[in-house]
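Descriptive structure summary
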Amino acid sequence: MATVNNQTFPVDSRGSGNCPACQSPDHHDFFEMPGVPIDTCVLYDTPEQARKAAMGDILLSWCPECGFVNNRSFEPQRVKFEPGYEVSLVYSDVFDKFQRDLAARLVRTYGLKGKRILEIGCGTGSFLRLLCQLGSNKGIGLDPTLAVEKTEKLPDGGAVTLIRDFYSNRYDDLKPDFICCLSVFECIPEPFFFLDQIRRSIEGHDAAFYCEVFNAFGAFRKQE
């Protein structure tokens, strides 16, 4: 058994390889579920298409060194991160308030006025627009699921450019003042190398990085 944040979970075996977040070899498998839909954020046009949805396995592993929980059976090459992948929650009043409050806090905390902002995994760009509107900032959003690439000038002097692409070292020259990544980290197959890439891209440059990560243990406690 393993206890984290006063929660106890059965540990069946030690996982193979290293933790993808911190590279510790001490991580453990604790939950398995085979045969679940891979593309959970895709809406199919017909029932027949939905019945033929690609299936994959879940094998959750927990790292006691850093607390990271990941699916060791995750096959990123099978997930269709492309236009049509829909995760937007902007139509929720609760989520809209959360986004607005968070954007205001980040602008205030990090002095984001007239700055260059990079959002990795920007979705439709709603959060990036808030950051740029509140501080007259110039924003660049990267997301492979974008339906349309575009540049928008905002009324207060800010601007947003949305690019259909994954984050990589080809964007090292952007030198943003602020980088944010919201609810994307858990979809990255090699987060250790992702974070190292960000670190190297801002080396020698005064920049802040904000990463919002899904709280797996909070969901476990609520049995969601």
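Structure first, text after, so check above.
Conventions adopted
Residues numbered from 1 in each chain as written. Predicted model: local features only at pLDDT ≥ 70, side-chain atom pairs only at ≥ 80, totals over all residues. Heavy atoms only, no water. Helix = DSSP H or I, 4+ residues; strand = E, 2+ residues; numbered from the N terminus. Contact = heavy atoms within 4.5 Å. Polar contact = N/O pair within 3.5 Å; in protein donor to acceptor, adjacent residues only side chain to side chain. Pairing = 2+ DSSP bridges. Axes fitted to C-alpha atoms, helices over the stretch in contact; angles between N-to-C directions. Core = buried A, V, L, I, M, F, W, Y, C linked by side-chain atoms within 4.5 Å. Buried < 20%, exposed > 50% of the residue type's maximum accessible area, 1.4 Å probe, protein only. Parallel < 35°, antiparallel > 145°, perpendicular 65-115°, else oblique. Left-handed = near helix turned anticlockwise from the far one by under 90°. Nonpolar A, V, L, I, M, F, W, Y, C, P; charged D, E, K, R; others polar. Phe/Tyr/Trp six-rings, centres within 6.5 Å; stacked < 30°, edge-to-face > 60°. 1 Å grid on protein atoms, 1.4 Å probe; cavity = no way out; pocket = protein on both sides within 12 Å on 5 of 7 lines; lining within 4 Å. Points joined across faces, edges and corners; volume = space filled by probe spheres on them.

In this fold, Asn137 is placed in the loop between helix H3 (126-135) and strand E8 (138-142). Between the C-alpha atoms of Asn137 and Val160, which are 23 residues apart in sequence, the distance is 8.4 Å. The contacts of Asn137, once residues within four sequence positions are left out, are Leu112, Lys113, Gly114, Lys115, Ile117, Leu131, Cys132, Gly158 and Ala159. From its side chain, Asn137 meets the backbone oxygen of Leu112 in a polar contact 3.1 Å long.

What follows is about the sheet that holds E8. In spatial order, the strands read E9-E10-E8-E7-E11-E12; together these six strands make up an open sheet with mixed pairing. Both outer strands of the open sheet, strand E9 (150-153) and strand E12 (208-212), are each paired with one neighbouring strand and no more. On average, adjacent strands in this sheet sit at an angle of 15° to one another, irrespective of strand direction. Inspection of the sheet shows E8 paired to strand E10 (residues 159-163) by five bridges, in the parallel sense. When the sheet's bridge partners are listed, Gly139 is paired in E10 with Val160.

Our focus in this paragraph is the nonpolar core. The biggest cluster of nonpolar side chains holds 21 residues, and the ones touching the most others in it are Leu106, Phe127, Leu131, Phe178, Cys180 and Tyr210. Counting only elements with at least two residues in this core, the list comes to helix H2 (93-110), H3, E10, strand E11 (178-182) and E12. With residues up to four places along the chain from it excluded, the contact list for Leu131 reads Ala103, Leu106, Val107, Leu112, Ile117, Asn137, Phe178 and Cys180. Ranked by size, the runner-up nonpolar core spans 19 residues in total, among them Ile140, Leu142, Phe194 and Ile202.

Note: most peptide bonds trans; most residues except glycine with negative phi. Its identity is not glycine, yet Gln23 carries a phi of approximately 75°, on the positive side. Structurally, Gln23 is set in the loop between strand E3 (13-14) and strand E4 (28-37). For Lys175, which is not a glycine, the phi torsion comes out positive at approximately 50°. Structurally, the position occupied by Lys175 is in the loop between E10 and E11.

Running from amino to carboxyl end, H2 crosses H3 at an angle of 45°, the nearest separation of the two axes being 9 Å. In terms of orientation, H2 and H3 fall into the oblique class. Between H2 and H3 the crossing geometry is right-handed. Taking contact as the criterion, the partners of Gln99, Arg100, Leu102, Ala103, Ala104, Leu106 and Val107 in H2 are, on H3, Ser126, Phe127, Leu130, Leu131 and Leu134. A class-by-class count of the residues in the contact of H2 with H3 yields nine nonpolar, two polar and one charged.

Glancing now at the packing of aromatic side chains. If you walk through the whole model with that rule in mind, you get six aromatic pairs. Each ring, one from Phe185 and one from Phe194, has its centre 6.4 Å from the other, and the planes form 55°; the classification is tilted. Given a relative accessible area of 7%, Phe185 falls into the buried group.

Relative to strand E5 (residues 55-62), E4 is paired through seven bridges, and the arrangement is antiparallel. If you follow Asp29 over to E5, its bridge partner there is Ser61. By the bridge criterion, three bridges tie E5 to strand E6 (residues 69-71) in an arrangement that is antiparallel. Paired with Trp62 across the two strands is Val69, which belongs to E6. In this antiparallel pair of consecutive strands, E5 and E6, the connection spans six residues, and Gly67 shows a positive phi of 85°.

What the second largest pocket holds in volume is close to 170 Å³. What lines the second largest pocket is a set of twelve residues, and nearest its centre among them are Asp39, Val42, Tyr44, Lys80 and Glu82. For the lining of the second largest pocket, a count of residues per class yields six nonpolar, two polar and four charged.

None of this, on its own, says anything about what the molecule does.
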